[in-house]
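Residues per chain, in single letters:
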Amino acid sequence: MKSTWYASFRSFLRAVAGAALGLSLGLLICKLVGESPLKVLHVLYQSSFGSGYDFGMTLFYTAPLILTGLAVAIPLKGGLFNIGAEGQLTVGALAAAWAGVIGASIQSPVIAVVFATSSAFLAGGLWGLLPGFLKARQGSHEVITTIMLNFIAAGVTAYFTLYSIKDPVSAQAETIPLPEAFHLKPFAAFNGAPMGGLIFFLILLAVGIHYALWKSSWGYSLKALGENETAAETYGISRGRSWMSSMFLAGGVAGLVGLVEVLGNSHRFKIGFSADYGFVGIAVALVARGNILGVLPSAFLFGILQKGSASLDLETDKITRDLSYLIQGLIILGVSAEDLWGWIWQLVRRKK
Amino acid sequence: MSALEFRGVSKCFGSFFANRDLSFSVEPGTIHGLIGENGAGKSTAMKALFGIYPIDGGTILIQGKPVRNKSPVQAMRLGIGMVHQHFMLAGPETVLDNIILGHEPGFLRLDRERALEELKKISETYGLHFQKWHARVDELSVGEQQRVEILKLLYQRSAILILDEPTAVLTPQEVTELFENLKRLKAEGKTIILISHKLKEVLTHTDSVTVLRRGECVGTRVTAETNEDELAQMMVGRPVSFTYEGERKVFAKADESRAVLRVERLTIEGVSEPLRKVGFDLRPAEILGVAGVQGNGQTTLLRFLSNPSRYRSADGEYRFAGANRMGSNPLALRRAGMALVPEDRLSEGLLLEQDLVENYLLGQHEDPRFVRNGMIDRSKLRPRVEAAIRDFDIRPPYTNIWASRLSGGNQQKLVIARALDSNPNTLLIAHPTRGVDVGAIERIHEAIMKERNAGKSILLFSSELDELMDLSDRILVFYNGAVAAEFSRREFDPWAIGRVMGGGAK
């Protein structure tokens, strides 16, 4: 246990050092294009932590990435690559909005939120379960099926948005607004940034999933399956059950993006609301190296970068949006390059 | 001048010396054995030579010149080639493409014709008689794949060929063939290093032999001047007996109706090793041996018995612990008292990138001793793993290392300890000592016999006839998917059993 803890800690330190290295390279490039690195650092810091509003917005960008990062990391434990978080979150968000339409008469905020949460989780979960089922039953490759289901999800949700629960008074492609009871309250300290206690719920969720994977027989089976499918099967671990349950959980977690966006922000489902959260989630999970708790800092890093790149474009003269994406890319590269440190260490040792 | 010389070579991992001050030399045009228990440092030494690990001290000389290999590519350029225990071939590609991989002839355009011409010449020169250049590698038998690996080294013009446990995966016929080929390579001037822990094959096929123990060189002998006992003693550090000489408790003749496991008319078609009307029973307090040349149905039988749910098309009857078990899953069989030591510990028995505790949990992940309400209590498990490490002398003795850090023999000990952990009444054990060193073989045999003497039923699959005859009360011989004959202990005779294995009559 101690050694595991130590290894994770070391891995975390390496990630921080990697981020610093990537950022330094990015700043060097800024210098080359004629922008002061200090100014860039200042803008990055100000835009993510500068005010209550900025920090709230950073968390608002972080929240969906925590969920989609988890949605990728969970099935990865069992050896499945879930490319379908995008579709799962779309279906989940629509379900959250639809819950508001069906439950329009609900007065109690608690009942309303629980109802919307379970609808989003269930809808996303079923959308994730489908590729899990196809894989277990037919051996269909999950990468193919989840990608395809992303398109289908986009089509299906658009249909229902336009033909079943469209807001009749709006000219946009969006659903009927949610009643007051369904709204999640943001923190006042965030000065209008749409993020509240939900962020603590998401952190708890990640911790809970981490605990379940480590402690439960279910989590063990999934991990064993991901590590060695033949051995797992030889010792009685059911592939179908593990795959389907992990994909259901992953889809459900992705579906909870509906809480962030629909209940917390726009109070309705808008077609195309997701800024590719599902796909960025893949990068979030990979930077976290598939570690469930690692998804939290990883998503936060992506949140900061997403918030920061918009500000860099606006607040500096020389740095365009593309250049800020480049800096973002360098930082992610630095975090992912785990072997880099072993290599540098070896060079140092050889010099001596 | 020696073809190869190690002068005081050391290699450590952290504070652990895998090789300490190794010195020996190999004469050109000979077959040189490198033997030692698992974990003695044979593979480490060869990997250092092959440039996979950097060495921490000493010198390696090739043709009298000191070299410092930094990568396998460099080693290959120096004429060193290695056939790894687990072959390094790309299964879906053709034999030809596998061989030329990394040394493709032609500039811009890949000149396969030229390569093929050259290979045919090589195959002719060394008398390998290989034909299937355009077959997919994964369609070849294991023996043929090994020949592809050897051809690959010859194509790279390697002068020193290292073979790591080359016979571990071969049938007896393929072993004979391999050594005939090696003899011809030697005659053509190649130097061959044979890593092995099978004393018999080292004694028959090498010219000289170096023994390692715990990372150190115990000595080098001319093969003709040594014997099995001396080598075994050098390897283990104490005298060793090769046959099980422990107690074999005599039980009253078991009543056939008391069979714990019974199979009748079992037929499984549509698999690579079909079964045809197999029937036998396994009684309390006996070891029932299963013999046969690899590929005659034993693998299917073991897989079926341990996991019938995998074979939906199976026909016949399978009863275990008083119930019909057609279609059962492994966990149900486990609850009824069955434990398994699978054929291939690497692919079927271990999670290589998990620690020993996690590995010990495999199969026991729903055992009520460790799991309550679906939650695993690892604090109850860890003492069991520590006890297993003590009982079976698993090295290195740590619970928090990856299973891949253990040598093959120690991995096997872990798998066996895990099978015995739940105190099962019936054991399905396959190849318990395959790739296991001499010292550990004794311990494993003792453990198996202890279970039998305690009244347990054991179905023992092995490719080592000696092992089967030592331990078993009865032996079933498989041929062509059916039980060709049954031998009782009084009738054991290697020639008679061998004849049935080859398709003859009892």
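Details of the structure are given in the entry above.
(A) Quick look at the overall build of chain B. Scanning chain B from terminus to terminus reveals 17 helices and 22 strands. What you see for chain B is a C-alpha radius of gyration of 24 Å, in line with the 23 Å of a compact globule of 506 residues. When the backbone C-alpha atoms are referred to their principal axes, chain B occupies close to 70 × 50 × 50 Å. Counting only residues that meet the buried cut, chain B has 55% of its 506 residues in that class. For chain B, the share of sequence-separated contacts (at least 6 apart) that also reach a separation of at least 24 residues comes to 65%. Taken as a whole, chain B presents about 22200 Å² of accessible surface, with 49% of it coming from carbon and sulfur.

(B) Spotlight on the environment of Phe200(A). Residues and elements named next belong to chain A. Relative to the assigned elements, phenylalanine 200 resides in helix 7 (residues 198-215). On the accessibility criterion, phenylalanine 200 (52% relative accessible area) is exposed. In this structure the C-alpha to C-alpha distance between phenylalanine 200 and alanine 112, which are 88 residues apart in sequence, comes to 19 Å.

(C) Examining the sheet that holds strand 8 (residues 191-196) of chain B more closely. Residues and elements named next belong to chain B. Pairing is mixed across the open sheet formed by 6 strands, whose spatial order is 6-7-8-3-9-10. Two strands bound the open sheet, and with one partner strand each, they are strand 6 (80-83) and strand 10 (216-222). The sheet shows a mean angle of 20° between the axes of neighbouring strands, direction not considered. On top of the sheet, helix 5 (residues 142-155) reaches strand 6 and strand 7 (160-164); it is set at about 170° to strand 6, its chief contact.

(D) Looking closely at the packing of aromatic side chains. Enumeration over the complete set of coordinates arrives at 17 aromatic pairs over all chains. Ring geometry for Tyr159(A) against Tyr163(A): centres 5.0 Å apart, planes inclined by 35°, an arrangement best described as tilted. Taken as a pair, Tyr159(A) and Tyr163(A) lie in helix 6 (residues 142-163) at a separation of 4 residues, close to a single helical turn. Here the aromatic rings of Phe304(B) and Tyr318(B) are separated by 5.3 Å at their centres, their planes lie at 50°, and the arrangement is tilted. Taken together, the positions of Phe304(B) in helix 9 (residues 298-306) and Tyr318(B) in strand 14 (residues 315-320) put the pair 14 residues apart, joining distant regions of the chain. Put simply, the rings of Tyr45(A), Phe49(A), Phe55(A), Phe187(A), Phe190(A), Phe200(A) and Phe300(A) touch in pairs and so form one group of aromatic residues. Of note, Arg378(B) hangs over the ring of Trp214(A), and the distance from its end group to the ring centre comes to 3.7 Å. For Lys506(B), the ring lying beneath its charged end belongs to Phe487(B), and the centroid distance is 4.9 Å.

(E) Molecular detail of the interface of chain A and chain B. With 20 residues of chain A at the contact, the number on the chain B side is 31 residues. For the pairing of chain A and chain B, the buried interface totals around 2200 Å² over both sides, and the portion due to carbon and sulfur atoms is 52%. Three residues, Tyr220(A), Glu227(A) and Tyr235(A), lead the burial of chain A against chain B; their summed loss comes to 33% of the area buried on that side. Scanning the region where chain A abuts chain B turns up 1 salt bridge. With a closest N to O distance of 3.0 Å, Glu358(B) and Lys223(A) form a salt bridge. At the junction of chain A with chain B, the criterion picks out 15 residue pairs in polar contact (both at pLDDT 80 or more). Residue assignment for the side of chain A that touches chain B shows that the elements contributing at least two residues are helix 7, helix 8 (217-227) and helix 9 (229-234) of chain A. Looking at the side of chain A that touches chain B element by element, the count peaks at 6 residues for helix 8 of chain A. Among the residues making up the side of chain A that touches chain B, the classes are represented as 7 nonpolar, 8 polar and 5 charged.

Cut-offs used in this document
Residues numbered from 1 in each chain as written. Chains lettered and ligands numbered in written order. Predicted model: local features only at pLDDT ≥ 70, side-chain atom pairs only at ≥ 80, totals over all residues. Heavy atoms only, no water. Helix = DSSP H or I, 4+ residues; strand = E, 2+ residues; numbered from the N terminus. Rg over C-alpha atoms; globule rule 2.2 N^0.38 Å. Buried < 20%, exposed > 50% of the residue type's maximum accessible area, 1.4 Å probe, protein only. Contact = heavy atoms within 4.5 Å. Areas by Shrake-Rupley, 256 points an atom, 1.4 Å probe, with all protein chains shown as cover. Pairing = 2+ DSSP bridges. Axes fitted to C-alpha atoms, helices over the stretch in contact; angles between N-to-C directions. Phe/Tyr/Trp six-rings, centres within 6.5 Å; stacked < 30°, edge-to-face > 60°. Lys NZ or Arg CZ within 6 Å of the ring centre and 35° of its normal. Buried area = accessible area lost by both parts, 1.4 Å probe. Salt bridge = Lys/Arg side-chain N within 4 Å of Asp/Glu carboxyl O. Polar contact = N/O pair within 3.5 Å; in protein donor to acceptor, adjacent residues only side chain to side chain. Nonpolar A, V, L, I, M, F, W, Y, C, P; charged D, E, K, R; others polar.

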